[in-house]
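# Commentary on secondary and tertiary structure
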Amino acid sequence: MEQKYEEEIQMLQQEIEMLEAEQEETLRSIFIEHGDRLQHELKSVFEERGGAQKPTLSKLITEVRELEKDLRRQTEINGIALNECFVKTLHKSERKLVQQLRLAGHCSVLLFQVEFAVTEIQDDDALLRRVTEVNIVVDGVEFKDFSAFVSRVEDTKDLLLFFRTLRTFSERCEERRQTFRHFQEKYPDVVSLPEGCRSDLMIIRSPQLPG
Amino acid sequence: MDGQVETVEQGVLGHLMALERRGMGQQDQHESQRLEMLKVRAVALRAQRDQLKHQADAVKILKDKISKDLPLDDADAAGGFIELQKSLLTAWRMQLKDLQRAHHLIGGYDLVECKEGKSVCVSFHTAFEGVYLETYNMELDLTRTVQISRHNIPPSFPLESIAKQILQKDLKGFLQTLSQKLNALAGRRQQVYLLKELVGSVEVMESNQLCNILVLMCTAQGETPKAVLCTLEYGDLTQCLPTRVSIECEDKTLSESPQWKKHQSLLLESPAHTALLTMRRMGSIA
């Protein structure tokens, strides 16, 4: 008799785990496909203040507001804006989690797309986390000589180095852009930017001197 | 007819036997209590499972409606509309949490405001070759000037000098420099660890807290095994690779040999443990 219950309990627990995982995936997929529309629909819910909000929703609304605020903070301090974030959970158990993430965003004007897999193992008192695959695509005229670096980062799986470097690189590009623009504005006859102010090419040609 | 009577008898007999068993002392009491508990648990789980199924169905309907571009606010009943909004908000919350995690995983500072905005706490995540290593934390007081109030960065690290140079002028630059140097430190330290783990035959003669100097003793293979001392100096604290490598051996012909010149380059260009594993694989060292 006991055994029957125990078996049923185990089966129910598995079913519940599966349903929860399924629910997570479905909700994620809804947001991936229709995020903009949903945010639009929910705007009216958000705009209600005070007693007009239903109590069951108000906790969720507060949470979402807080999360949005926190995300703005992280984006500002990290200098990295994430426009897309797809998460796929490949394996989830008590001690192990394997996920695939696909991120797209920008660092100032530099666009990137990064796909990576991360494995987390709970080992008694320590959490071991490692990145197992990295794929990076960068877009922009500034990235002409970046491909060697990107290959190296993909080989060494150094995700953190990529984003640190992206930040520094973006700042330098911005400085260069401003410098070029400044020169062009000040000396329009002599200075030309054949590829625009975002490129790495500035030509100085004096009309009086040869060459 | 007989069969029927038999089964009834068996039923009654069985029941009597059960009653008899139940009358048999404490053991049985425990068993029946446990049985009760299991029963209760099963019922609770069943209810949870059913509720989840119900929610899953509601969400699937929602997804369907959205895919077909149907209006969402003409739900059948007021209650239905709230369920809908709840699902939408839950989906949104999930996405926001995913984004938070993403920022965390790509090495973000996980900035947290404390003391009503008077101070902030930041984290510096470090990693090497895909493995996440230590996280260092720091609280910055923002009341008048920016001051470091608490941190757990190792004392050997030149924190004060970096703070003096950049902190007041450029907070983000300060964080960036710190992150860069702490990652390089973690990387250098991890190389020493991996060296000991993977290349046990090489002895670490000297290393320090900042891991900016590493002296290794290897055994060169040959007719007679010879001790070779490799000194790796890390002059640039933002890097995981050494700026200078010197090879010393009693046998000068060995240390001057083209093979060891190549090894010297290898140690300059790749992480220490990788270089030594290569050297061992090539048969140069034990």
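Residues numbered from 1 in each chain as written. Chains lettered and ligands numbered in written order. Predicted model: local features only at pLDDT ≥ 70, side-chain atom pairs only at ≥ 80, totals over all residues. Heavy atoms only, no water.

Each helix and strand in chain B was counted, giving eight helices and eight strands. Residue burial in chain B is summarised as follows: out of 286 residues, 40% are buried. Considering only residue pairs separated by 6 or more positions, chain B has 38% of its internal contacts joining residues 24 or more positions apart. Within the structure as shown, chain B displays about 16,200 Å² of accessible surface, and the carbon and sulfur contribution to it stands at 53%. (Helix = DSSP H or I, 4+ residues; strand = E, 2+ residues; numbered from the N terminus. Buried < 20%, exposed > 50% of the residue type's maximum accessible area, 1.4 Å probe, protein only. Contact = heavy atoms within 4.5 Å. Areas by Shrake-Rupley, 256 points an atom, 1.4 Å probe, with all protein chains shown as cover.)

What follows deals with the nonpolar core. Formed by 50 residues in total, the largest nonpolar core has its most connected members in A:Phe116, A:Leu159, A:Phe162, A:Phe163 and A:Leu166. Among the elements that take part in this core, helix H3 (residues 78-105) of chain B stands out by supplying eight residues, more than any other. Discounting chain neighbours no more than four positions away, the residues touching A:Phe163 are A:Ile80, A:Phe112, A:Val114 and B:Ile106. By size, the runner-up hydrophobic cluster in this structure holds 24 residues, among which are B:Val120, B:Met138, B:Ile166 and B:Leu178. (Core = buried A, V, L, I, M, F, W, Y, C linked by side-chain atoms within 4.5 Å.)

Right, let's talk about the UniProt feature "coiled-coil region" (unreviewed entry) in chain A for a bit. The sites that UniProt annotates as "coiled-coil region" (unreviewed entry) are residues 2-29 of chain A. In residues 2-29 of chain A, helix accounts for 100% and strand for 0%; the two terminal C-alpha atoms are 41 Å from one another. (UniProt positions renumbered as here; feature names shortened; annotations may be inferred.)

For interface size, the figure often reported is the accessible area lost on association. Across the contact, 67 residues belong to chain B and 69 residues belong to chain A. Summed over both partners, the interface of chain B with chain A comes to about 7,000 Å²; 66% of that surface belongs to carbon and sulfur atoms. When residues of chain B are sorted by the area they lose upon contact with chain A, B:Trp92, B:His103 and B:Ile106 head the list and together hold 11% of the total. The tally of links from chain B across to chain A stands at nine salt bridges. Between B:Arg46 and A:Glu8 there is a salt bridge whose closest N-O contact spans 2.7 Å. (Buried area = accessible area lost by both parts, 1.4 Å probe. Salt bridge = Lys/Arg side-chain N within 4 Å of Asp/Glu carboxyl O.)

In this section: the pairing of strand S2 (residues 119-128) of chain B. Residue and element names in this part refer to chain B. Counting buried residues in S2 gives nine out of 10 residues, a clear majority hidden from the surface. Bridge count between strand S1 (residues 112-114) and S2: three bridges; the pairing is antiparallel. Counterpart to valine 112 in the pairing with S2 is cysteine 121. A loop of four residues connects S1 with S2, the two strands running antiparallel in sequence, and lysine 115 in this loop sits at a positive phi of about 50°. Examined bridge by bridge, S2 and strand S3 (residues 131-141) share nine bridges and lie antiparallel to one another. Counted as the bridge partner of valine 122 is methionine 138 from S3. (Pairing = 2+ DSSP bridges.)

Attention shifts here to helix H5 (residues 171-198) of chain B. Over its 28 residues, H5(B) runs 40 Å from end to end, which matches the ideal 40 Å to within 8%, given 1.5 Å per residue. Here H5(B) lies mainly inside the structure; 20 of its 28 residues are buried. (Expected span 1.5 Å × (residues − 1).)

Residue and element names in this part refer to chain B. On the basis of which strands lie adjacent, the open sheet formed by four strands has the order S5-S6-S7-S8 and antiparallel pairing. Here the strands that pair on one side only, and so sit at the sheet edges, are strand S5 (203-207) and strand S8 (244-249). For this sheet, the mean angle separating the axes of adjacent strands, direction not counted, is 20°. (Axes fitted to C-alpha atoms, helices over the stretch in contact; angles between N-to-C directions.)

For the rest of this paragraph, the subject is the domain arrangement of chain B. All names here are of chain B. In terms of domains, chain B is made up of domain 1 (71-104), domain 2 (107-186) and domain 3 (200-282). Computed over C-alpha atoms, the centres of domain 2 and domain 3 are 33 Å apart. Facing 10 residues of domain 2, the contacting portion of domain 3 comprises 10 residues. Both faces considered, domain 2 and domain 3 share a buried interface measuring about 830 Å² in area, 70% of it formed by carbon and sulfur atoms. Ranking the residues of domain 2 by area buried against domain 3 places Ser156, Ala184 and Leu185 at the top, with a combined share of 46%. (Domains from an automatic or database assignment.)

A word on the pattern of salt bridges. One pass over the structure, following the stated rule, counts 20 salt bridges over all chains. Close ionic contact of B:Lys53 with A:Glu15 constitutes a salt bridge, the shortest N to O distance being 3.8 Å. Taken together, the residues span two chains, with B:Lys53 in helix H2 (residues 25-67) and A:Glu15 in helix H1 (residues 2-47). Residue classification places B:Lys53 among the partly exposed positions, given a relative accessible area of 40%. Across the salt bridge formed by A:Glu120 and A:Arg129, the nearest N and O atoms sit 2.8 Å from each other. Accessibility expressed as a relative area gives 13% for A:Arg129, which makes it buried.

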